[in-house]
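What follows is the residue order along each chain.
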Amino acid sequence: MKKKVLALILAAAVAIGLTACGGKDSGSPSGTASASAGQSGTTEAGSSEAGNTDTPEEYYFEELQHLVMAFPTWTGAPADLEMVTEKVNEILRAKYNIEVEFQISDSGSYKQNMTLALSSGEQIDILSTLFASYSNMVNQGYLMDLEEDELLQTYGQGIIEVLGQEYIDACRVGGVLYGLTNTRDYASGRGCIAVSTEYLDGIGYEAPADAGEIIQITEEELNEIFAKLHAGYPELEVYRPAANDLVQQTMIDQIGGDNFGVLLGTSEELKIVNLFESDEYMNFCKRVYNWNQLGYISKDAAADTTNVITLVKENVLMAYGTGGKPGSKVQESTGGGRDMTIFQTREDYISSSSISSYPWVMPITTASPEASMVLLNELYTNPALSDLIIYGIEGTHYEITEDGFLDANAGTSPDTYSTLNWLYPNQFASTVLVGNTADLWDRTRKFNEEAIKSPAMGFAFDSTTITTELTAVTNVYEEYQKSLEYGFVDPEVGIPEMLEKMNNAGLAKIIAEKQAQLDAWAAAK
């Protein structure tokens, strides 16, 4: 972005009006408006006024800007993606002369697809780093500095107002802003299990009258429920582990976004520990191993890549792990197409990297940084786009109830489109799902405020100096992870074997580097 462009923008802001800017490159915005245009009501993210689309457009490009936006869902691109994309582009073309192409992969292949695309220089303008490792993309040089030449400050004022500077700064790596977090539940109810309610009814389970939407129970009580489910429905799989179960079912803080040196969430010390030597990891693996030995887990669970939501829909699976939050019951029930009951055995917790764990980023392969930031700004501030991209087309994929809630199971074709609502840049701008209370987003903010917080909140680990060791240790972990964490190997035998190989691969060096950076961060505070 040229300095003269910024000067023209500022001049237009002073004039408080649209200005035709002749003589620009054909790919640059042809008009500007005041800095607040299009941002009224965004001081509280998720309010019904966020991103008022009645205000004038900030930027309109002289030539059509074709952008590519990539993100994952559990099962890949939905059937009606093309139909929804055209509706999205009707809005974007009219306001900015921008159109977007969505590249959507399933969760299992997304990381590989993004790595191949970026390494080959393929155009991708905006992408989510969920399942793709934000830190790795930074280290490999794939991402743009979003503040270079005042990019965010010039074209992303709505984003700044929605997120606030504290949440923006949480995504910095080495002081550089490569990503932007999305509005969501930064806290997570640990130890949560979603169980199909019809099977609970079948075994005679009755929830306490004052239980609320998430039922607090002990691990012993959960074991009793699983035993009854297995006895009552022996032909069904009781529980299916997933790759993220370790984080969801334990109290750990993944410093740097991996398990190779963590903080224990039960401690307030800034002490990096070897997770694989801890009771937390041993007890987690023992519990799943016991479930496997009792026949609760399918024998092909480690090899089968079918998503748990699909297994629930197909009447194959009764329970799976999840993260608890306000709206969990409705979210899981909507995703699985059947009523789900949520149990919780651990506390609510915010890890140090929860805000920055999977931000939205702009790769260096973007065709236009300016147009990409304009698009990002619109995604954060336009409620109409939120509902479209998350839920599809009203009347076809969902209906709005008389009292203003979104019913994702209504419409003429409700099963042909859906994405991950909690992954969208500004979920708080979307319509609340039916079954929740109207104050869901306010309750989510309160949930974030009241959860146990890691003492390392705001710390960002720079893995540049230990990339070789990280690669080597990761390779060892991937060799053992599913066999241990899906319960197919006795942890008393498997963990020591894995740990020996990890130590030989450089695990101690990774832990020492994390501790050194954490100590320096704490001293600077």
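Quick notes on the rules
- Residues numbered from 1 in each chain as written.
- Predicted model: local features only at pLDDT ≥ 70, side-chain atom pairs only at ≥ 80, totals over all residues.
- Heavy atoms only, no water.
- Helix = DSSP H or I, 4+ residues; strand = E, 2+ residues; numbered from the N terminus.
- Buried < 20%, exposed > 50% of the residue type's maximum accessible area, 1.4 Å probe, protein only.
- Contact = heavy atoms within 4.5 Å.
- Areas by Shrake-Rupley, 256 points an atom, 1.4 Å probe, with all protein chains shown as cover.
- Phe/Tyr/Trp six-rings, centres within 6.5 Å; stacked < 30°, edge-to-face > 60°.
- Core = buried A, V, L, I, M, F, W, Y, C linked by side-chain atoms within 4.5 Å.
- Arc of directions from axis to C-beta.
- Pairing = 2+ DSSP bridges.
- Salt bridge = Lys/Arg side-chain N within 4 Å of Asp/Glu carboxyl O.
- Polar contact = N/O pair within 3.5 Å; in protein donor to acceptor, adjacent residues only side chain to side chain.
- Axes fitted to C-alpha atoms, helices over the stretch in contact; angles between N-to-C directions.
- Parallel < 35°, antiparallel > 145°, perpendicular 65-115°, else oblique.
- Nonpolar A, V, L, I, M, F, W, Y, C, P; charged D, E, K, R; others polar.
- pLDDT = per-residue confidence, 0-100.

Draft legend 1. How the structure looks around the overall build of the chain. Helices and strands together make up the secondary structure of the chain, namely 19 helices and 20 strands. Scored against the burial criterion, the 525 residues of the chain give a buried share of 54%. Counted over contacts in the chain with a minimum sequence separation of 6, partners at least 24 positions apart contribute 77%. Surface accessibility of the chain: about 21600 Å² in total, with carbon and sulfur atoms responsible for 50%.

Draft legend 2. Quick look at the packing of aromatic side chains. Under the counting rule described, the total for this entry stands at 20 aromatic pairs. Taken together, a centroid distance of 6.0 Å and an interplanar angle of 75° make the contact between Phe71 and Phe102 edge-to-face. Of the two residues, Phe71 is situated in strand E3 (residues 65-73) and Phe102 in strand E4 (residues 98-106); the sequence distance between them amounts to 31 residues. The two residues Phe71 and Phe102 agree in class, both being buried. Summarising the aromatic geometry, the rings of Phe226 and Tyr296 are spaced 6.1 Å apart at their centres and angled 85° between planes, so their arrangement reads as edge-to-face. With Phe226 in helix H9 (residues 219-232) and Tyr296 in the loop between helix H11 (279-293) and helix H12 (308-313), this pair connects stretches of sequence that are 70 residues apart. Exposure class is identical for Phe226 and Tyr296. Each is buried.

Draft legend 3. Spatial organisation of the nonpolar core. Of all hydrophobic cores here, the largest spans 70 residues; its most connected members are Val88, Phe102, Leu127, Leu180, Met373 and Leu376. When residues of this core are assigned to their parent elements, the largest contribution, seven residues, is made by helix H14 (residues 369-381). One finds Ile252, Val262, Leu484 and Tyr486 within the second-largest nonpolar core, a separate group that totals 56 residues.

Draft legend 4. Seen up close, helix H16 (residues 440-450). Three or more residues of H16 are buried, namely Leu440, Trp441, Thr444, Phe447 and Asn448. Taken end-on, H16 shows its buried residues confined to a sector of 110°, consistent with a single buried face. Looking at H16, the residues exposed on the side facing more than 90 degrees away from the buried face are Glu449 and Glu450.

Draft legend 5. Fine view of the sheet that holds strand E8 (residues 179-180). Strand order in the open sheet formed by five strands is E4-E3-E5-E17-E8, with mixed pairing between adjacent strands. Strands with a single pairing partner mark the edges of an open sheet, and in this sheet they are E4 and E8. By the bridge criterion, nine bridges tie E3 to E4 in an arrangement that is parallel. Its bridge partner lying in E4, Leu67 is registered against Val100.

Draft legend 6. Molecular detail of the pattern of salt bridges. Per the counting criterion, the structure on display carries 21 salt bridges. Between Glu147 and Arg172 there is a salt bridge, with its nearest N and O atoms 2.8 Å apart. Here Glu147, found in the loop between helix H4 (134-139) and helix H5 (151-155), pairs with Arg172, found in strand E6 (residues 172-173); they are 25 residues apart in sequence, far enough to count as distant. Taking the relative accessible area as the measure of exposure, Glu147 reaches 21% and is therefore partly exposed. With a shortest N-O distance of 2.8 Å, Arg240 and Glu237 are connected by a salt bridge.

Draft legend 7. How the structure looks around the environment of Ile355. Looking at where Ile355 falls in the secondary structure, it is placed in the loop between strand E16 (348-350) and strand E17 (360-361). Along the primary structure Ile355 and Asn182 are separated by 173 residues, whereas in three dimensions their C-alpha atoms are 8.0 Å apart. Those residues in contact with Ile355 that lie beyond four places of it in its chain are Tyr167, Ala170, Cys171, Thr181, Arg184, Tyr186 and Met457.

Draft legend 8. Representation of the side chain of Asn274 within the structure. Looking at where Asn274 falls in the secondary structure, it is placed in the loop between strand E13 (263-264) and H11. In this structure Asn274 comes out as buried when scored by relative accessible area, which is 12%. Here Phe276 takes part through its backbone nitrogen, which lies 3.1 Å from a polar atom of the side chain of Asn274. Once residues lying within four places of it in the same chain are set aside, the contact partners of Asn274 are Leu499, Asn503, Leu507 and Ile511.

Draft legend 9. Representation of the packing of H14 against helix H15 (residues 383-391) in the model. In the contact formed by H14 and H15, the axes pass within 6 Å of each other and the chain directions differ by 90°. Taken together, the axes of H14 and H15 lie roughly perpendicular to each other. Taking contact as the criterion, the partners of Glu378, Leu379 and Thr381 in H14 are, on H15, Pro383, Leu385, Ser386 and Ile389. Residue composition of the contact of H14 with H15, grouped by class: four nonpolar, two polar and one charged.

Draft legend 10. Looking closely at the confidence of the model for the chain. Per-chain confidence: the chain averages 89 in pLDDT, with 89% of residues scoring 70 or above. pLDDT under 50 marks residues 1-26. Its contacts with residues more than four places away, or in other chains, come to 38 contacts.

Draft legend 11. A look at the pairing of strand E15 (residues 340-344). With respect to burial, E15 is a largely interior element, five of its five residues being buried. Residues Met340, Ile342 and Gln344 of E15 are buried on one face, and the alternating residues Thr341 and Phe343, pointing to the opposite face, are buried as well. As paired strands, strand E10 (residues 214-216) and E15 are joined by three bridges and run parallel to one another. Across the sheet, residue Gln216 finds its bridge partner in E15, namely Gln344.

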